[in-house]
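Letter by letter, the chains look like this.
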Amino acid sequence: MKYSRQRELILEAVREDDVHPTADFIYQRLKKDHPNLSLGTVYRNLNLLSEIGTINKLHVPGMPDRFDGNITPHYHFYCKHCGRVFDVSIDFPQEIDREVERKTGHQVDSHSILFSGICKGCAQKTPDQDGNSAVR
């Protein structure tokens, strides 16, 4: 793959920010210092970088794709209240793919798990129906 300064800037923006940014977030962040950058260029490069495994693309149902510079195996938690995406480092049994294959007959080459709910920060701020914190 041919070197591209714009691709390098986009990759750096994804890697240095743990918010799991959207393409639009990256575009807005880089545009002020790089006025020739287009949103299409950001999308193309993010998709290319995810296809070659340099970054991960996260699909959050009903939301724009997010991108993650951490390519080590881990999972994610999506807060339905604030929209943030958090890394979740937990150990799932390594044989989970084989178990799915055994039970379904499908051949698994990868999996992705996205937890969703209310993050602890939002839970502490959001009162329940009785006016108490939603933290349990």
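Everything in this summary refers to the structure shown in the same document. Note that this is a predicted model, so its numbers are computed, not measured. (Residues numbered from 1 in each chain as written. Predicted model: local features only at pLDDT ≥ 70, side-chain atom pairs only at ≥ 80, totals over all residues. Heavy atoms only, no water.)

## Brief notes about the pattern of salt bridges
Next up, step 1: Within this structure, the stated rule accounts for seven salt bridges.
Next up, step 2: We note a salt bridge from glutamate 101 to arginine 98, for which the minimum N-O separation is 3.0 Å. Placement of the pair is glutamate 101 and arginine 98 together in helix α4 (residues 96-104), with a separation of three residues, close to one helical turn.
Next up, step 3: Glutamate 99 serves as the salt-bridge partner of arginine 102, at 2.7 Å between the closest nitrogen and oxygen. Of this pair, arginine 102 and glutamate 99 both sit in helix α4, three residues apart, roughly one helical turn.
Next up, step 4: Taking relative accessible area as the criterion, arginine 102 reaches 59% and is therefore assigned exposed.
Next up, step 5: Exposure remark for glutamate 99: the relative accessible area of 33% places this residue in the partly exposed category. (Salt bridge = Lys/Arg side-chain N within 4 Å of Asp/Glu carboxyl O. Helix = DSSP H or I, 4+ residues; strand = E, 2+ residues; numbered from the N terminus. Buried < 20%, exposed > 50% of the residue type's maximum accessible area, 1.4 Å probe, protein only.)

## Observations concerning the pairing of strand β4 (residues 85-88)
Next up, step 1: Bridge count for strand β3 (residues 75-79) against β4 is four bridges, and the pairing is antiparallel. When the sheet's bridge partners are listed, tyrosine 78 is paired in β4 with valine 85.
Next up, step 2: Taking the residues between adjacent antiparallel strands as the criterion, β3 and β4 are bridged by five residues, where glycine 83 takes a positive phi near 85 degrees. (Pairing = 2+ DSSP bridges.)

## Overview of the packing of aromatic side chains
Next up, step 1: The full count for this structure, using the stated rule, is one aromatic pair.
Next up, step 2: With a centroid separation of 6.5 Å and an interplanar angle of 50 degrees, the aromatic rings of phenylalanine 77 and phenylalanine 86 are classed as tilted.
Next up, step 3: Given the relative accessible area of 18%, phenylalanine 77 is considered buried.
Next up, step 4: Judged by relative accessible area, which is 25%, phenylalanine 86 ranks as partly exposed. (Phe/Tyr/Trp six-rings, centres within 6.5 Å; stacked < 30°, edge-to-face > 60°.)

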